[in-house]
Amino acid sequence: SDEGAVRVHGGVDLGVGGFQTAPGSQEGNLLLGEGLFTGWRVEIRSAPLEAQITGDLDPLSGSVAGRFDLRLSPPKAAGTWLEGGGRGGLASRPRPRLRRL
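Every value quoted in this text rests on a predicted model; they were computed, and no experiment measured them.

A. The packing of aromatic side chains, seen in detail. Counted according to the given criterion, the structure contains three aromatic pairs. Each ring, one from F19 and one from F37, has its centre 5.3 Å from the other, and the planes form 35°; the classification is tilted. Pair noted here: F19 is in strand β2 (residues 17–21) and F37 is in the loop between β3 (30–35) and β4 (41–45), with a separation of 18 residues, a long-range link. Residue F37 is classed as buried on the basis of its relative accessible area of 13%. Between W40 and F68, the aromatic rings sit 5.5 Å apart at their centres with planes inclined by 25°, giving stacked as the arrangement. Placement of the pair is W40 in the loop between β3 and β4 and F68 in strand β7 (residues 67–73), with a sequence separation of 28 residues. Among the residues examined, F68 registers a relative accessible area of 27% and is labelled partly exposed.

The structure is reproduced here in structure tokens:
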């Protein structure tokens, strides 16, 4: 029975890129990245309800590197609305430019 199953269709446009459901995909509830998010994936599972977002950070900014991997799921404890976690990533600032006086 598919009662209570989560179904995803359509997309999200974020201006510099976005996510669209994969037409004809055998993988259910999969959104693929476009534009700046090319190579990223968003998977939504029904049982247990969970969303996973993965992608490389390098194309997003010259000062961020690594891989983004975030899982979101409903809380297991009363009072908590959403639980999640992430891993991978390195942020750096460009060196200041020195001017000769």
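B. The arrangement of the side chain of Q52 in detail. For Q52, the position within the fold is in strand β5 (residues 50–56). A relative accessible area of 10% places Q52 in the buried class. Reaching out from Q52, the side chain makes a polar contact with the side chain of R45 at a distance of 3.4 Å. Within the structure, the side chain of Q52 is placed 3.4 Å from the side chain of R71, a separation counted as a polar contact.

Scoring rules and cut-offs
- Residues numbered from 1 in each chain as written.
- Predicted model: local features only at pLDDT ≥ 70, side-chain atom pairs only at ≥ 80, totals over all residues.
- Heavy atoms only, no water.
- Phe/Tyr/Trp six-rings, centres within 6.5 Å; stacked < 30°, edge-to-face > 60°.
- Helix = DSSP H or I, 4+ residues; strand = E, 2+ residues; numbered from the N terminus.
- Buried < 20%, exposed > 50% of the residue type's maximum accessible area, 1.4 Å probe, protein only.
- Polar contact = N/O pair within 3.5 Å; in protein donor to acceptor, adjacent residues only side chain to side chain.

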